[in-house]
Structures are given as C-alpha cells and as structure tokens.
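Each chain, written out:
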Amino acid sequence: MARIKQNKVVYTFSSTVWALKMEQCCREKMAAGRLIPIPKDISAGCGMAWTAGIEEKAALDKFIKENEIEVEGIYEMLL
Amino acid sequence: MIYLDSSATSFYRPPQVGEAVSRAINSIGNASRGVHEASLIGGRIVFETRQSLAELFHAEGPEQVAFTANATESLNMAIKGILNPGDRAVTTVMEHNSVLRPLYEMEKVGVSLQIIGTDASGRLDMASLEKAIGSGIKALFCTHASNLTGNVNDIRRIGRWCREKKVLFVVDASQTAGIFPIDMEKDCIDILCFTGHKGLMGPQGTGGICLGKGISIRPLVTGGSGIHTFDKEHPSCMPEALEAGTLNGHGIAGLKAAIEYILDTGIELIREKEQKLAKAFYEQVREIPGIRIYGDFSDENRVAIVSLNLGDEDSGEVSDWLSQNYNICTRAGGHCAPLMHKAFGTVEQGMVRFSFSGFNSMEDVSAAVNALKEF
C-alpha cells in the first residue's frame, strides 16, 4: 500500500505514563488519534507521541486541558 | 498442606492472578519500548496497574508509582537515593534488614543514625520517636508493622510529626500493603515502599516505590528507559527515573489482577478475616503451658501474625516438627529482624511465626493449635 503523507498534529509527553493516559482517555471518550513512535524531527519527549489529523487539533487541545494530561510539546507536520 | 507463612509470601491467591500471568506471558511485548500492538498491550497493563496502586495508596498520580523487584530494592533506592554523608537519619528497632543493612552502609559513609526502641511488648517508643524527629534530621525510615510481632505503628501520627518538622517520612509497607489502609496524602508519607507478593497477593518479583509530590531521589540503577535514548544521563521524570531496564511485565499483570481483587473485595473484609483467624489461634495457644507469645495483643489493630516459643525449645526444631509431622508451614529463626530479637532476648532461640491469610480456615487454626499441643 502506497504511503500518503497528510497534515497531522503531534503531541509529545515527558513520560510514557502520560502518553498511555492520553490513549486511555481518548479511547474512553472516543477522541481522535493514536499512539505512534516519536517522529525523527522531534528530539524531545518520550518514545511515544499522539497523533491525529490536523482538523482535530482544536478539539484535542481542549480535551487535553479538560483531562489534565501533561503534554510536553505540540507540533504540526506532514506524516 | 496448611500454609501459615503468608507474611513471608502469599501462597493462597485469587485464581485470576495466575490466569493473568499466564495470559500475559503469551501476549505482551516489552512495555514502553515501542508502539506496536504487543508492546502497547504490555504498556497498558503496566499503566493501569500504576493507576490501581495510586488509587490504593492515595498517591499523587500513576506517574509517581515506579515498579521494582521487591520492597528491599525499593528501600535501598529510598535510603541510598536521599541520604548523603553528614545527614542525620532516624529508624526503629522494629525494622527488617532491608532497612537496617542499607542504613548501616550509609553510616559507613558518614550518615549518623539514631535507632528508636520499643517497650516490653514490642511497641514503638512513641515519646522517644517524637523527640527524635526534629530539626537537622533528614529522614525517618519506619515500618508500618513489625514482621515479627505484627504490631502496627500509627503512621498518621508519625507522618504528621515528620511533616511538621520537615523530616522526610519513608514507610516500609511490606507487611501492610493490601491489608491496612495507607493514604500517602493524609499519612504525610513522602516515600512508600511496598512488595507485591505478600498482602497484595501478586507474584514474587513485583514491588514498587511511590514518591510524594515534589520528592525526587537519585536512582540506584540507570540504563535503558525507552525514552531520551541519546541523552547521556538517565531520564529524571517519574516513573522512568527509577525504572531502568525491562519491567517484570508478566508479574505486573498478575499484580494488577490481585489489586483488582483487593479493591473489589475491600481491604477491610480481607483484614478482618485474617485478624479473626489470628486472634482465634492466639486465644487457644496462649493456654499451652510454657508458651511465650510476643507482641501486643491488647491492640486489635494487628497484622495477622502470632510469633511464639515453646519453653526453651529451638524455634527451628518446632517449625520443622510442624512441617514433618503435620505438613504445617511456619517460619522459624530470626526473620531478618535482628534488633527485635535482641530486644526480646531471642537471638539464640529465634521464634516460630504463624501468619494467616484470609484464605486460611478455622480448621487450619485448629490443626495448628492441636499440633502445637502435641509437641
């Protein structure tokens, strides 16, 4: 299958605990996205990142705040 | 077989613990070492176990719970991770060697150590302890309960003294985690060390350390963390700071199932059943001529331990006789609690320790009582 790059939002975390907390909350509340290995262009963060389509950014930013998830960085990139 | 050595390790466990280990051993990858499905299954199990432990101990959050192999490793981390040459520390004669030996090591590099004694029934000398917790003291290392007598310390009262005097309060919960309520916030606990295989009924090789808000300690071991690969230093964020190398994911899966059982059942119910069995045993054996029982039984709030001696008989011989003739499992000897034995004058003789689980029965109690009467 050919890979098609799309604009994505990527959230990084200082610890895998926060990455897994993000996944747990998103699964429970049907929020968009999934865990991915941290992209090479991001040097900070733990080994996992959360990504979703760029159109989800505003909703996810709000979701992260509401669920008190500690995010280290927020990036927009073609993935 | 009648197993009465639950203070050494759980033998009777809810069946779901073994089932969870078996499932995990065939289904999980290395937690936090990737995001493929197998690794994520492991990662989720580990994360959810942290959440359960944080809930059980009222810890700040799941990130404050780090896994270790046992309480000894956790206590070594705490003791060697916060003390520096020139520091002053306080501990008690009730401690296990997992506290005492690392502290004696620290004494050799310039830490000064004060050890608080007990009364004739092995109860902590609270007046001396309160006096000792003062300015200039870095930390108090204190067990929640003696593994020899079953006497329980009032950690809430002690914790408040420590917080008031800005002394770090490090608690060894080896004998109480999963059985007695522990609230890191209300008990003012800065560092909680626990094992997974005793009261928590998880597999051997599981344990952990919970850090209070704002507490950081030097790691005992550094290395692979799955994060910040190209940094020369081990990550400082919790829990990775205290977790170098692959975790015991299979064991943690079993621990998770055990904690779920405990939270569903309720620790009060588990504790009451154990205490009832221990009390029934105590009430019957105290009538045996020449018996000596150690600990404060006027206090109902006890770990389900009854340690005793029959006259001057070698505790090892009594325990071996119970094992050989009745297939009753007890623990004899020093129980890694040298200062308590010195206090009781039982260094030579040791003690025979009977420790009960909620899965024991009154029939087990009667069998042990009758066997002792036959000796």
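Located above this text is the structure these notes cover.
A few points on the structure. (Residues numbered from 1 in each chain as written. Chains lettered and ligands numbered in written order. Predicted model: local features only at pLDDT ≥ 70, side-chain atom pairs only at ≥ 80, totals over all residues. Heavy atoms only, no water.)

**Let's talk about the overall build of chain A**
- Across its full length, chain A carries two helices and four strands.
- Helices and strands in chain A line up, N terminus first, as β-α-β-β-α-β.
- Over its C-alpha trace chain A gives a radius of gyration of 12 Å, about what one expects of a compact globule, namely 12 Å for 79 residues.
- Here the C-alpha coordinates of chain A stretch approximately 35 × 25 × 20 Å along the principal axes.
- Residues counted as buried form 47% of the 79 residues belonging to chain A.
- Within chain A, counting contacts between residues at least 6 apart in sequence, those at least 24 apart form 74% of the total.
- A total of about 4,500 Å² of accessible surface is found on chain A, and carbon and sulfur atoms cover 51% of it.
- The centroid of the 11 positive side-chain charges in chain A is displaced by 5 Å from the centroid of its 11 negative side-chain charges. (Helix = DSSP H or I, 4+ residues; strand = E, 2+ residues; numbered from the N terminus. Rg over C-alpha atoms; globule rule 2.2 N^0.38 Å. Buried < 20%, exposed > 50% of the residue type's maximum accessible area, 1.4 Å probe, protein only. Contact = heavy atoms within 4.5 Å. Areas by Shrake-Rupley, 256 points an atom, 1.4 Å probe, with all protein chains shown as cover. Lys, Arg positive; Asp, Glu negative; His and termini not counted. Charge placed at Lys NZ, Arg CZ, Asp CG, Glu CD.)

**Things to note about the pattern of salt bridges**
Residues and elements named next belong to chain B.
- One pass over the full model with this rule turns up 19 salt bridges over all chains.
- The salt bridge partner of R123 is D299, with a shortest N-O separation of 3.4 Å. In this pair, R123 is assigned in the loop between strand 4 (112–116) and helix 5 (126–132) and D299 in the loop between strand 9 (291–294) and strand 10 (305–310), connecting sequence segments 176 residues apart.
- Classification of D299 by relative accessible area gives partly exposed; the value is 24%. (Salt bridge = Lys/Arg side-chain N within 4 Å of Asp/Glu carboxyl O.)

**Comments concerning unusual backbone geometry**
Residue and element names in this part refer to chain B.
- Cis geometry marks the peptide bond from M238 to P239; its omega dihedral reads 5 degrees.
- Counting through the fold element by element, P239 comes out in the loop between strand 8 (207–211) and helix 7 (249–265).
- Unlike most non-glycine residues, M201 shows phi in positive territory, near 65 degrees.
- Within the element layout of this structure, M201 appears in the loop between strand 7 (191–195) and strand 8.
- One non-glycine residue with positive phi stands out, namely H335, at about 55 degrees.
- For H335, the position within the fold is in the loop between strand 11 (328–329) and helix 10 (338–344).

**A look at the interface of chain A and chain B**
- With 18 residues of chain A in contact, the opposing surface of chain B contributes 19 residues.
- Buried surface at the junction of chain A and chain B, summed over both partners, amounts to about 1,400 Å²; 61% is from carbon and sulfur atoms.
- Counting across the chain A and chain B interface gives one salt bridge.
- Taking the shortest distance from any N to any O, the salt bridge between B:R44 and A:E23 comes out at 2.6 Å.
- Taken together, the links from chain A to chain B amount to five residue pairs in polar contact (both at pLDDT 80 or more).
- Put simply, the parts of the chain that give the side of chain A that touches chain B at least two residues each are helix 1 (16–28) and strand 2 (34–37) of chain A.
- In the side of chain A that touches chain B, the residues fall into nine nonpolar, six polar and three charged. (Buried area = accessible area lost by both parts, 1.4 Å probe. Polar contact = N/O pair within 3.5 Å; in protein donor to acceptor, adjacent residues only side chain to side chain. Nonpolar A, V, L, I, M, F, W, Y, C, P; charged D, E, K, R; others polar.)

**Side note on the packing of helix 7 of chain B against helix 8 (residues 267–285) of chain B**
All names here are of chain B.
- Contact geometry of helix 7 with helix 8 gives a least axis separation of 6 Å together with a crossing angle of 90 degrees. Classified by the angle between their axes, helix 7 and helix 8 sit roughly perpendicular to one another. Counting all contacts with helix 7, which are made through Y261, I262 and T265, the residues of helix 8 involved are I267, L269 and I270. (Axes fitted to C-alpha atoms, helices over the stretch in contact; angles between N-to-C directions. Parallel < 35°, antiparallel > 145°, perpendicular 65-115°, else oblique.)

**Details of helix 1 (residues 15–25) of chain B**
All names here are of chain B.
- For helix 1, the full list of buried residues reads V17, A20 and A24. Angularly, the buried residues of helix 1 cover 65 degrees about the axis, an arc narrow enough to put them on a single face. Helix 1 presents P15 and R23 as exposed residues on the side facing more than 90 degrees away from its buried surface.
- Check the buried side of helix 1 and you find it contacts helix 7. (Arc of directions from axis to C-beta.)

**Thoughts on the sheet that holds strand 9 of chain B**
Residues and elements named next belong to chain B.
- The strand order 9-10-12 describes an open sheet built from three strands, whose pairing is antiparallel. Looking along the sheet, the strands with just one partner apiece sit at the ends: strand 9 and strand 12 (352–355). This sheet shows a mean twist of 30 degrees between the axes of neighbouring strands, independent of strand direction.
- Two elements, strand 10 and strand 12, share four bridges in a ladder whose sense is antiparallel. Considered in strand 12, the bridge of I305 is made with S355.
- Lying on the sheet, helix 8 is in contact with strand 9, strand 10 and strand 12; it crosses strand 10 at an angle near 20 degrees.
- Strand contacts of helix 9 (residues 315–326): strand 10 and strand 12, with the helix running at about 45 degrees to strand 12, the strand carrying the most contacts. (Pairing = 2+ DSSP bridges.)

**Concerning a negative patch on the surface**
- A cluster of like negative charges, contributed by B:E313, B:D314, B:E317 and B:D320, occupies part of the molecular surface.
- A relative accessible area of 39% places B:D314 in the partly exposed class. (Patch = residues over 30% accessible without salt bridge, like charges linked within 9 Å, V, L, I, M, F, W, Y side chains within 5 Å.)

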